[in-house]
Structure formats: C-alpha cells, structure tokens
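Chain by chain, the residues:
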Amino acid sequence: MSEVVSAERSSPRRGADGRFLPSDTHVIDTDESPIDLHDPALYLNRELSWLEFNRRVLTLATDATIPLLERVRFLSIFHTNLDEFFMVRVAGLKQQVAAGVTTRSADGRSPSEQLAAIAARLHPMIVTAQETFHEQLQPLLARNGVRVTRLAELDASHRISLDRYFEDEVFPVLTPLAVDPGHPFPYISNLSLSLAVTVRDRKSGQRRFARVKVPEVLPRFVPVEGTDAYVPLDDLITARLGRLFPGTDVLESYAFRVTRNADFDIEEDEAEDLLLAIENELRKRRFGAVVRLEVDERMPAWLLALLTEELEVSADDVYPIAGNLGLGDLDEIADLDIPELHFAPWTPVPHPALRSDSEGEPADIFAVLRKQDLLVHHPYDSFEHTVQRLITTAADDPDVLAIKQTLYRTSGDSPIVHALVRAAERGKQVVVMVELKARFDEEANILWARELEKAGVHVVYGVVGLKTHTKTSLIVRREPSGIRRYCHIGTGNYNPKTARVYTDLGLLTADEGLGADLTDLFNFLTGYARHDTYRKLLVAPVALRERITRLIDREIAVHRAGERQGLIRVKLNSLIDSALIRKLYEASCAGVRVDLVLRGICGLRPGVGGVSDRIRVVSIVGRYLEHARIMQFGPDDLYIGSADWMPRNLDRRVEAMVPIERPALASQILRILDLMLADNVNAWHLDPDGSWRRRVPEDGESPRDSQGELMAEAAARASDAHVR
C-alpha cells in the first residue's frame with residue numbers, strides 16, 4: 001500500500017493568489033480579507049475521516065516491520081472496526097435518510113451524500129483488505145508454520161481427522177433452514193456468517209433454497225490434527241453439506257453475512273426503570289434493519305436478488321467479497337502462541353513511588369499520596385499496582401468509610417468490581433455509578449449492576465439525558481488528623497484488560513480541592529445536587545466547553561499582545577466540534593501555534609493558507625491504542641481527563657478534566673506530547689487536502705517510536721529501582 005493515502009480531495013476555494021477565497025458571512029477580519037469560518041470547504045467529513053483512521057489500521061497489516069501475527073491482528077481489528085461503524089454510524093445515516101432529514105454536515109454533505117461517499121471510499125478499501133490477507137499474510141503465515149487453507153488442499157489422511165471433527169462437534173449444532181411456502185425466509189442474526197445453499201431433490205427434480213448458519217459457538221478456524229494447517233469452519237461445512245440434505249444433490253453454496261442497526265435510543269424521562277428499558281432494547285437490537293449485506297462475489301444474480309429482497313436491502317448496501325467473509329475472526333489466528341511472531345512481551349512496571357521496600361513490604365499507598373500526587377501512564381505503568389491497588393486496598397482497609405466510583409466499561413472478571421463487592425459486604429458505604437448506555441457493553445454492565453446491588457452496593461445509573469463517561473474514584477478515610485479524601489481521575493476505564501493495550505493517564509491524589517470537587521460531582525450523579533462551578537475540575541456539560549473557549553481566547557490575546565508565543569497542544573481521540581474547530585482557526589489566524597495529536601476522527605482541515613497554516617495534525621497508530629486525552633494551553637495550563645472535543649462529550653455527557661499542577665507531573669505530560677509530535681515511526685501527518693502521509697525518518701534522522709521510547713523509559717525506571 002502506498003505511504004500516501006488518499007482521503008478528502010475537495011480543497012477550500014482559493015483565489016488567483018492561492019489564498020483561501022472567503023464567503024460573505026460569519027467572518028473574521030485579517031490583514032488581507034475576511035474569512036468565513038463556517039465555509040464547508042474548511043471541514044472534513046466525520047464519517048470519511050473515521051474511514052481514513054481505519055485505513056491507517058489496515059496499513060499496519062501491510063507493514064513488514066511489524067511481527068506477522070500482529071499484522072494479522074491489525075487486519076482483524078480493521079474488520080471489527082468496520083462492523084461497529086456500520087452498526088452505528090451507517091445505520092444512523094440510513095435512519096436520517098428514511099426520516100427525510102436533509103440537514104447537512106459541517107462539510108456540506110446531506111445524509112444520502114455521506115452514504116454515497118462512504119460506499120465509494122470503502123469498496124476499494126475492502127478489496128485492499130482482502131488482497132492483504134490472501135496475497136501477503138496468508139503466504140507469509142504458511143512460510144512460518146501457520147497454513148490457513150482450504151479443505152481441498154489437504155491430503156486424504158488429514159481430511160479424515162476433519163471428518164471426525166465435523167461429525168462429533170459441528171454436525172450436531174447445525175440447523176439447515178429450508179425456504180419454501182411452508183418455511184418462510186429465516187431470521188438472519190446480526191454479524192452471523194451463513195451459507196446460501198441450493199439443492200435438487202433426487203425424486204422430484206425440484207430446486208430448493210436453504211440457509212445454513214455457521215455456528216458462532218465453534219472456532220472459525222479449525223486446526224487440522226497433526227499439521228500446521230487451519231481450515232475455515234464455513235469451508236468445512238460447505239464440503240459436508242450433503243450430510244445436511246440427504247436425498248438431494250447440493251448444487252451450489254455461497255457465503256453471506258449481514259450487519260444490522262445495533263444502535264438504540266432510550267427515552268429516559270419516560271422509562272420508569274432504566275435497567276428494564278435497556279434490557280428490552282437489547283432484545284430489539286437483534287431485529288434491527290439490515291444496513292450491510294456482504295456476499296461471496298461469485299454469488300449468481302438470481303440468488304443475490306433473493307437475498308436483497310428478503311433482507312430488504314438495496315444494491316447500495318451490498319458488498320461483494322473476493323475471499324473469506326468475516327475476517328474479524330482472524331483474531332483466533334493472531335492469538336496463536338508463537339512468541340517469535342508477536343511483539344516482544346511487555347510487562348507494565350510498578351510505579352517507583354509504590355514499589356515494595358527492602359523487606360518486600362508494599363508501600364502504604366495512602367501514606368504516599370499524602371506526601372505527593374502520582375501520575376500514572378498505562379500500559380507503561382502497571383494498572384494493577386496503581387489504580388487497581390488503590391481500590392482493592394481501600395476495600396480491605398478498616399479506616400476507609402466510603403468508596404465512590406464511576407464504571408463505564410470494565411472486564412468480566414474485574415478485581416475492582418470484586419473489591420467493591422467485598423467493601424460493601426464489610427459495611428463500607430459503596431456507591432457505583434454504572435453507565436448502562438455504554439454502547440455494546442450494556443449487557444455486561446447490567447449483569448455487574450445486579451451483582452453489585454446484591455452485595456449491598458448503592459448502584460445508580462446516572463443523570464437523565466446524559467451519559468456518564470468520566471473516569472473517577474473517591475475514597476473517604478478516617479485518619480488521626482480527621483477525614484481525608486483520596487482520588488483517582490483518569491482518561492481510561494477501570495478495565496485491567498484494556499489497560500494493557502490502551503494508553504491512558506491517571507492522577508492519584510489526596511488534594512483537598514479535588515476531593516471536594518469529586519464529592520460534589522458524585523452528589524450530582526447520585527442525587528439532585530447541581531453545581532455550576534467546581535474548584536479545580538473542568539466538568540461537562542457544566543463548564544468544560546466554556547473554559548476551553550476562554551483558554552483558546554487567552555492564547556490569542558497573549559500572542560497578539562506580544563507577551564509570549566501563543567501555544568495550544570491537544571491530544572484526543574476525536575475532534576469534530578465545529579465551534580471549537582472555528583476557535584482553533586481563529587487562533588491560527590492570530591499566529592498561535594496549534595499542535596493536535598488525534599488518533600481517529602479529525603473534522604479540521606490543517607495547513608490552509610491564511611486560515612489554519614499554524615495548525616499541525618498528527619495521528620499515532622501503533623502497538624497500543626492511543627486513548628489518553630491531554631490539553632495544554634500556554635506553557636503552564638495542563639489537563640488530562642475523559643473528554644474528546646465532540647458535541648456529545650461537551651454537551652451530552654458527564655466528563656471531567658483535571659489540572660496537572662505539580663511541576664514534576666507536568667513535565668511528564670509535556671514529555672509525552674513532545675514524543676508524539678516527534679514520532680516518525682507510528683505517526684501520520686494530515687495534509688490540507690485531507691490526505692494522510694505516513695511519517696518516515698528523513699535522511700540522517702534517527703527513528704523515533706514514541707510508544708517504544710516510553711516502554712524503554714519505564715523499563716529503565718524499573719531497572720534503576722531494582723539496582724537501588
């Protein structure tokens with residue numbers, strides 16, 4: 001794949017001198033001419049920008065410098081990302097079209113135009129993904145002792161073992177579903193892989209159609225006993241279809257896969273029991289409208305017409321695939337235990353301030369936090385020995401009176417949840433804000449909510465009309481000096497599994513002002529308290545947007561006054577809020593330097609002459625998923641927290657950003673930003689035309705891998721502590 005990846009190609013309108021050509025309204029004045037900052041040409045489309053992020057993920061599957069099974073994993077992630085994109089984003093656009101919505105996006109596209117642009121962008125990308133697997137990864141896997149192959153390519157002796165597997169494990173769970181006047185077309189579940197089969201009755205000669213679902217309870221790639229081969233389950237079933245249809249001749253079989261609308265809205269003010277309402281909606285999710293139909297590209301026209309009619313999809317919703325469908329299942333191959341084909345293992349290190357003493361006794365985490373704030377950066381710093389340890393220690397500490405925590409997403413065997421249960425059983429006051437509306441984790445969160453309630457935990461489900469996305473914990477402890485509050489405010493979920501693959505930041509502190517702020521915030525989440533101001537926290541939807549706007553305005557003002565160089569550096573997952581994008585354009589026009597590190601979506605168009613030529617946009621896509629949010633305004637104002645710059649985060653979610661005030665911790669944050677902006681291994685640069693260029697070391701320049709350097713620095717800290 002080319003290192004220069006095509007994206008948006010519509011550029012802002014320019015005059016004969018090459019400058020941006022302004023409109024007549026919503027302008028700011030410059031020395032040359034007024035500029036319309038609402039002009040659609042200044043914005044990149046949200047959906048297409050996300051597709052370009054997923055293209056960057058796909059590019060990693062082609063990168064020969066990455067271990068082979070990790071390349072397979074990136075290809076799997078590309079496909080699972082696409083599944084969710086269709087279930088939510090494409091589904092939402094289709095609903096808008098069906099409802100007659102004509103409102104245009106910031107870049108000037110109607111919902112129907114966005115759908116057309118998505119399809120045009122995506123079809124060639126899917127071709128590239130298939131070629132990546134079949135022409136690059138599959139041959140490389142075979143050379144390294146992992147053959148993903150078709151059944152027909154095995155010799156007879158090896159097919160015998162698969163015959164036994166089919167009879168013992170597969171055949172009992174298969175259910176062929178006939179389609180005829182007595183058997184209506186069956187329901188096809190979301191993301192299920194199916195076979196469309198036609199057979200001929202040997203007595204009547206009649207052709208018939210049936211659907212066979214490839215069971216999700218079995219491995220998608222079946223290991224062949226005594227070999228290094230793996231056969232796709234659907235290929236094995238296809239070869240044994242005669243067992244399912246005795247008395248017939250199997251004429252043809254083609255794979256297909258459907259994606260359904262999996263998003264839903266809850267009218268919370270009309271739902272007497274939010275938990276029950278979401279359970280009902282989860283059941284409905286299975287029956288959402290089909291938004292994508294993937295089919296074997298060899299499928300004949302008459303069979304495709306049958307499927308599109310029965311599934312009620314248009315030709316625009318059909319994605320022909322030249323190869324295996326559902327390659328998100330490649331995670332099974334990526335998980336194979338072949339160390340030399342994976343990244344070198346990384347074990348997160350304990351924070352230096354919390355390591356055991358010379359006698360092996362762990363440091364008293366409360367005593368440490370009374371002396372100093374700690375900044376933790378996962379997965380470089382161990383989640384288990386920092387955040388998780390704070391909660392588990394509090395659960396067992398007889399002096400702890402209360403624990404309050406938000407849970408947005410967590411793992412199924414979370415030690416933190418078990419600690420909260422244990423704390424409640426020991427009589428502590430435990431309050432947990434469980435966000436039932438965390439998309440695709442609703443069912444798991446319902447289960448945990450009920451488990452917590454059974455143990456006596458006070459479980460609340462947040463504020464009507466708002467998702468609670470903030471990542472916060474508050475521990476109240478009785479000490480000789482009086483009641484003291486300990487806090488964690490972070491950028492990531494309380495999930496020990498994702499803490500190993502997501503980069504996140506967290507502040508551990510006993511700061512009195514932050515403790516008071518979190519007390520007010522939890523009272524807002526659990527009761528009727530309303531707080532328009534907080535001492536230190538920036539809280540959405542209360543004041544976060546306003547504060548960000550004021551901080552940008554301040555940088556504009558100090559730069560224009562000549563007091564210092566205006567500076568804004570922000571690290572986010574996504575930037576699509578048009579109002580804040582316009583403020584950044586204003587800052588650029590005023591001469592403020594703006595550096596943006598954005599993992600995924602970017603609605604801002606950088607480098608446009610006279611508008612955004614002071615703005616640089618970089619995306620880091622590497623071994624770990626960049627998830628931390630950082631804001632820097634000028635040399636001193638630094639914040640970390642849960643909020644991206646999207647309307648939903650600023651206006652429809654409870655978010656918290658915490659200031660990093662201690663110079664030692666601030667220097668760590670600045671170091672992270674410096675590394676990201678210097679990266680020339682995992683970094684991509686966004687050009688004015690909307691295309692992304694992968695950075696590579698220039699002549700004489702050393703490679704700079706920000707994630708690799710952070711791992712090396714963490715390892716060095718661990719080694720230094722061991723020597724001492």
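Residues numbered from 1 in each chain as written. Predicted model: local features only at pLDDT ≥ 70, side-chain atom pairs only at ≥ 80, totals over all residues. Heavy atoms only, no water.

### Focus on the overall build of the protein
For clarity, the cut-off: Helix and strand labels come from DSSP, where a helix needs a run of H or I of at least four residues and a strand needs a run of E of at least two; each type is numbered from the N terminus. The classification of residues rests on relative accessible area computed with a 1.4 Å probe and restricted to protein chains. Under 20% of the type maximum is buried, over 50% is exposed, and intermediate values are partly exposed. Contact definition: two residues touch when any of their heavy atoms are within 4.5 Å. To be clear on the numbers: accessible area is Shrake-Rupley with a 1.4 Å probe, and residue cover counts the displayed protein chains and nothing else.
Each helix and strand in the protein was counted, giving 19 helices and 30 strands. Per-residue burial for the protein yields a buried fraction of 56% across its 724 residues. For the protein, the share of sequence-separated contacts (at least 6 apart) that also reach a separation of at least 24 residues comes to 73%. Accessible surface, the protein as shown: approximately 30500 Å² in total, 49% of it carbon and sulfur.

### Points about the side chain of Arg-240
For Arg-240, the position within the fold is in the loop between helix 5 (233-239) and helix 6 (241-244). When neighbours within four sequence positions are excluded, Arg-240 is seen to be in contact with Leu-151, Arg-159, Asp-163 and Phe-166.

### Examining the packing of helix 15 (residues 544-560) against helix 16 (residues 578-590)
The condition that has to hold: Helix axes use the C-alpha atoms of the stretch in contact, all axes being lines fitted to C-alpha atoms, and the angles between their N-to-C directions lie in the range 0 to 180 degrees. For classification, angles of less than 35 degrees are called roughly parallel, those exceeding 145 degrees roughly antiparallel, those between 65 and 115 degrees roughly perpendicular, and all remaining angles oblique. When residues are grouped by polarity, Ala, Val, Leu, Ile, Met, Phe, Trp, Tyr, Cys and Pro land in nonpolar, Asp, Glu, Lys and Arg in charged, and all others, Gly among them, in polar.
It is at 9 Å that the axes of helix 15 and helix 16 come closest, and there the two elements cross at 10°. In terms of axis orientation, helix 15 runs roughly parallel to helix 16. Where helix 15 approaches helix 16, its residues Arg-545, Ile-548, Thr-549, Ile-552, Asp-553, Ile-556, His-559 and Arg-560 are matched on the opposing element by Ala-579, Leu-580, Lys-583, Leu-584, Glu-586, Ala-587 and Ala-590. Tallied by class, residues from the contact of helix 15 with helix 16 come to 8 nonpolar, 2 polar and 5 charged.

### Quick notes on the environment of Val-148
The topology assignment puts Val-148 in strand 4 (residues 147-148). Classification of Val-148 by relative accessible area gives buried; the value is 7%. When the C-alpha atoms of Val-148 and Val-222 are compared, they prove to be 9.3 Å apart, with 74 residues separating the residues in sequence.

### So, the packing of aromatic side chains
Rule in force here: Centres within 6.5 Å make a pair out of two Phe, Tyr or Trp rings, where for Trp the six-membered ring is used; the pair is then stacked when the planes are under 30 degrees apart, edge-to-face when over 60, and tilted otherwise. Two conditions define a charge located above a ring, namely a distance within 6 Å from the ring centre to NZ of Lys or CZ of Arg, and an angle within 35 degrees of the ring normal.
Overall, the coordinates contain 9 aromatic pairs when judged by the stated rule. Relative to Tyr-624, the ring of Tyr-380 has its centre 5.9 Å away and its plane inclined at 90°; by these criteria the two rings are edge-to-face. Remark: Tyr-624 occurs in the loop between strand 24 (615-620) and strand 25 (625-626) and Tyr-380 occurs in the loop between strand 13 (374-378) and helix 11 (387-396); sequence separation between them is 244 residues. Across the pair, Tyr-624 and Tyr-380 agree in class, each one buried. One aromatic cluster in this structure is built from Trp-50, Phe-53, Phe-85, Phe-86 and Tyr-319. The ring centre of Trp-692 lies 4.0 Å from the NZ or CZ of Arg-56, which sits over that ring.

### Some details on the sheet that holds strand 12 (residues 318-321)
Here is the rule we go by: When DSSP finds two or more bridges between a pair of strands, those strands are recorded as paired.
Ordered by their spatial adjacency, 6 strands build an open sheet running 5-7-6-10-11-12, and the pairing between neighbours is mixed. Edge strands, defined here as strands with exactly one partner in the open sheet, are strand 5 (176-179) and strand 12. Going across the sheet, the axis of each strand differs from the next one's by a mean of 30°, ignoring polarity. Lying on the sheet, helix 8 (residues 301-311) is in contact with strand 6 (193-201), strand 7 (207-213), strand 10 (248-260), strand 11 (290-296) and strand 12; it crosses strand 11 at an angle near 165°.

### Remarks on the confidence of the model for the protein
Applicable threshold: Values of pLDDT, ranging from 0 to 100, describe the predictor's confidence in every residue of the model.
Counting all residues, the mean pLDDT for the protein is 89, and 89% of those residues have values of 70 or more. Residue range residues 1-26 is modelled with pLDDT below 50. Its contacts to residues more than four positions away, or to other chains, number 75 contacts. When the criterion is pLDDT under 50, residues 266-272 qualifies, and its contacts beyond four places in sequence or with other chains add up to 12 contacts.

### Details of the sheet that holds strand 8 (residues 221-223)
Pairing is mixed across the open sheet formed by 3 strands, whose spatial order is 4-9-8. The sheet is open, and its two borders are formed by strand 4 and strand 8, each paired with just one other strand.

### Comments concerning the nonpolar core
Defined as follows: What we call a nonpolar core is a set of buried Ala, Val, Leu, Ile, Met, Phe, Trp, Tyr and Cys residues that are connected through their side-chain atoms within 4.5 Å.
Ranked by internal contacts, the top residues of the largest apolar core, which has 76 residues, are Leu-51, Leu-82, Val-212, Ile-237 and Ile-333. Among the elements that line this core, the one with the most residues is helix 2 (residues 68-98), at 12 residues. With sequence-adjacent residues up to four places away left out, Val-212 is seen in contact with Leu-174, Thr-175, Pro-176, Ser-194, Leu-195, Val-197, Ile-237, Leu-241, Leu-244 and Phe-245. In this structure, Val-463, Leu-507, Ile-669 and Met-711 belong to the second largest nonpolar core, which totals 47 residues.

### Re unusual backbone geometry
In this structure, the amide linkage connecting His-378 to the following residue, Pro-379, adopts the cis form with an omega of 5°. Relative to the assigned elements, Pro-379 resides in the loop between strand 13 and helix 11. In this chain, Ala-540 is followed by Pro-541 through a cis amide linkage whose omega measures 5°. Residue placement: Pro-541 occurs in the loop between strand 21 (538-540) and helix 15.

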